[in-house]
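# Understanding the architecture of this molecule
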Amino acid sequence: MSLAVADLTAEGNASLRDAMALATLARDCVASGVERRVLHLRLSLLPARLRERRHQRLVREALAPVLRPTRARLFELPGGDLVALSPPPGEHLEEVRRSLANLLPEIPVETLLPILRLPAEAARLLTLVEAALGLHGTAQAPAPVAPVGLAPSGAEMDAALRALTTANLTAFLRRQTIWRLASGDEQAEPLWTELRPHLPDVAAALLPGRSLSAAPHLARRFRQATERRMLAELAHPQEARALGDACLPLSLGAVTEAEFLRLDAVLGPQGRARLVVCLGASELLADPAGFALVRRLSLQRGWRLGLDEMEPALLPLLPPRRLDLPVLRLRFRPEMLSADGPMRAALDAGLPEDRSRVVLTGADVPVAIAWGWQRGITRFMGRVLEARI
Amino acid sequence: MGSLFTGRHQQIPASDWPAALLAMPEGGVAVFSPAQGSFAGRRIARALLEEAAVLGGGHVVEFPGGDLLLGATTGPGNRARQAIAELTGQTAESWPLPANRSAVKARCEQAQAASAALLPTLAGLEAHCATLPVEDLACLTFFADGTGTRPVAQRLGPASLGLADAESEAVAREWLCRRLLAALADPVQRRRLPALRPGLRLILDLPLGGLPRGAPLAGGAPDDPNRPIALLPLASLADPGGFAAMEAGLRAAGWAVGLVATDACALDWVEAPGLVWAVPATAEPPAHRPPRLIALGQPTPGWCRAPGILHEGTSP
């Protein structure tokens, strides 16, 4: 099975690369103090009637002064905008701007064809690059409203945990694919299917009106009990045979419980070789001895152990070269793009040398893929890949 | 602590061990895995023995105390025993059959008499931690510096409940630490806590959230080498932003900041520059030794008697 990923192939790839190159250039100007003039051609603002082939040709003609080599660099952004960059004073840019303004009088020139100065206006340029990459659309999506409620009492928790031992979780399981997509690939290749119970829904069903986020230690217990229930189902021989290349994000406690150990036994050597178990970084911190035990178990039994829920801020605290695990699941955060020089250097230095160990999760926008590619990361999980099925 | 342990671990009746013993293959081996170490390790031992039982034609008996018995052919039986040792560090006994049949029988009779090892339910644990008398909440231990033997520091930390489950112990630590802070803030309760010795540097265990706002606990001057040390659980690093804010707050209030981990292997994995580390001392020095270390537990291994290391000693 392989799926076409429209935005990330052929033309889409080129504009992504352009966008990332432009962002890098803007940062370099800031770092070195080199001055540049930037003409932003906001062609995405044009109404459809002005985007016909005839108009496109006219625009191309108007662009001629900057299309000649050595005068300026032209970047094509996802969405159709163009960005031309030239050393000051940038008379070619002015020339292009004038002819385009004549060609397209419908939109005020300040809106359609803004001029920016680097390095002074680098932040503005980065913002528009990020907007073109679709980053802002996601950032502006309303955050889910956190449930307000009291933490459950110990007795309520015990009752919920008892209910979980027999609950049917089928409706609460979520599957998501982890893909390999390298720059230039036409199609993404599925590597593993991640399987996990959707905890907020399970909690809403079993602990109505109570909030687990108010009590982290209870949340851990609840998560573990839910995962044990899922594992008990997976350990049925028929289910286990169908598991295939799977990634199970689990809590530390669940991995050393009878249900997982049964699954481990039922899978056999071939099945175990196709399994990745991911433990959250917080699990390691909460119980290092338990983590060490699970790591020895993974080596002895032949499944792979990964570190899950790695945040950029955690990378320097838990350096991958110290842990040396076969899989590291790093969460993409928009801050990774806006990070300044030293922060980016620290982040890059924190990545494992073998980039094929890294899975970038939360890749919900194309720029996450571009960010990964810049660092040699080719394994991704997120909406940007899922949405194209 | 009887009331604490109300939940029972699932068990297979062990009363038929004599039948199991009779059914053990001649020329095979009886593997007896005593209930030791963490529950996680015991469950793994059980899974390995069950796998050996499938391969080696036998079955696993679990005794009331959690001891496990397997009779199997020699190959799978001994491989399981070796795997258990590698994974959990616990040694299972191996008795070649039939020569040792009577010795195994004696071992089983002994195991039959052992009492059940049980995990507390959350409600039981919560109730236990809530009702523990103030006097039993905390432990006061003393620390000498480097090559010295005279105590220079004292740690006021939550009592350990000795649970064979790291998660339950962490939950209990959290509840006890909060009660400990509340007791320190209340003059009446404070008198019932172990009495702090004047002149010794204070090492205080804090819950995940750190020191509550307005806690009446004075730090020292920022440059005072004897300013008190706040020990946060390693788990609090999981939120780096929150931790940084907490650390800054504590430092501003005149505290040195440290991390307490339940196992020294954390030193090999976690980089925390500028923080004091408190870990149970291992026989061998860790590969990554932090500049400032508090070695917990006794006896003190030789490598801990070195500059920059506070090691546990006897009370003054």
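Structure: see above.
Predicted model, so just to flag it, every value in this text is computed and none were measured.

As a further point, take the overall build of chain B. Across its full length, chain B holds 10 helices and 12 strands. Overall, the C-alpha framework of chain B stretches about 75 × 40 × 40 Å when taken along its three principal axes. Within chain B, buried positions represent 50% of all 316 residues. Surface accessibility of chain B: about 14,000 Å² in total, with carbon and sulfur atoms responsible for 57%. The positive charge centre, built from 25 side chains, and the negative charge centre, built from 28, are 6 Å apart in chain B.

The subject of this paragraph is the overall build of chain A. Looking only at helices and strands, chain A has 19 helices and 13 strands in total. Expressed along its principal axes, the backbone C-alpha trace of chain A runs to roughly 75 × 40 × 40 Å. Put simply, chain A has 389 residues, and 51% of those count as buried. On chain A, roughly 17,800 Å² of surface is accessible, and the fraction owed to carbon and sulfur atoms is 54%. A gap of 1 Å separates the mean positions of the 49 positive and 43 negative side-chain charges of chain A.

Two measures describe an aromatic ring pair: the distance that separates the ring centres and the angle between the ring planes. Under the definition given, this model contains 4 aromatic pairs over all chains. Between A:F260 and A:W303, the ring centres sit 5.3 Å apart and the planes meet at 85 degrees, which makes this aromatic pair edge-to-face. Residue A:F260 is located in helix α12 (residues 258–273), and its partner A:W303 is located in the loop between α14 (288–301) and β10 (304–310); the two are separated by 43 residues in the primary sequence. Residues A:F260 and A:W303 agree in their burial class; the two are buried. Summarising the aromatic geometry, the rings of A:F291 and B:W269 are spaced 5.5 Å apart at their centres and angled 75 degrees between planes, so their arrangement reads as edge-to-face. Here A:F291 is found in helix α14, whereas its partner B:W269 is found in helix α10 (residues 266–269) on a different chain. Residue A:F291 is classed as buried on the basis of its relative accessible area, which comes to 0%. Of the residues examined, B:W269 reaches a relative accessible area of 7% and is grouped as buried. Over the ring of B:F39 we find B:R42; its NZ or CZ atom is 4.8 Å from the centre of that ring.

Moving on, we come to the sheet that holds strand β1 (residues 29–33) of chain B. Residue and element names in this part refer to chain B. Strands sit in the order β2-β3-β1-β4 across an open sheet of 4 strands; the sheet is antiparallel. Each edge of the sheet is formed by a strand with only one pairing partner; in this case those strands are β2 (60–62) and β4 (93–96). For this sheet the average axis-to-axis angle between neighbouring strands, irrespective of direction, equals 15 degrees. As paired strands, β1 and β4 are joined by 4 bridges and run antiparallel to one another.

The interface is formed by 38 residues belonging to chain B together with 41 residues belonging to chain A. Here chain B and chain A share an interface that buries about 3,400 Å² over both sides, 60% of which is from carbon and sulfur atoms. Joining chain B to chain A, the criterion identifies 5 salt bridges. B:E51 is the partner of A:R301 in a salt bridge, and the nearest nitrogen-oxygen pair spans 2.7 Å. Counting the contacts that link chain B with chain A gives 14 residue pairs in polar contact (both at pLDDT 80 or more). For the side of chain B that touches chain A, the elements supplying multiple residues, two or more each, are α2 (39–56), α3 (74–88), α5 (122–131), α7 (166–185) and α10 of chain B. A total of 7 residues in the side of chain B that touches chain A trace back to one element, the largest contributor, which is α2(B).

Reading the values: rules and limits
Residues numbered from 1 in each chain as written. Chains lettered and ligands numbered in written order. Predicted model: local features only at pLDDT ≥ 70, side-chain atom pairs only at ≥ 80, totals over all residues. Heavy atoms only, no water. Helix = DSSP H or I, 4+ residues; strand = E, 2+ residues; numbered from the N terminus. Buried < 20%, exposed > 50% of the residue type's maximum accessible area, 1.4 Å probe, protein only. Areas by Shrake-Rupley, 256 points an atom, 1.4 Å probe, with all protein chains shown as cover. Lys, Arg positive; Asp, Glu negative; His and termini not counted. Charge placed at Lys NZ, Arg CZ, Asp CG, Glu CD. Phe/Tyr/Trp six-rings, centres within 6.5 Å; stacked < 30°, edge-to-face > 60°. Lys NZ or Arg CZ within 6 Å of the ring centre and 35° of its normal. Pairing = 2+ DSSP bridges. Axes fitted to C-alpha atoms, helices over the stretch in contact; angles between N-to-C directions. Contact = heavy atoms within 4.5 Å. Buried area = accessible area lost by both parts, 1.4 Å probe. Salt bridge = Lys/Arg side-chain N within 4 Å of Asp/Glu carboxyl O. Polar contact = N/O pair within 3.5 Å; in protein donor to acceptor, adjacent residues only side chain to side chain.

None of the figures reported here should be taken as evidence of function without further support.
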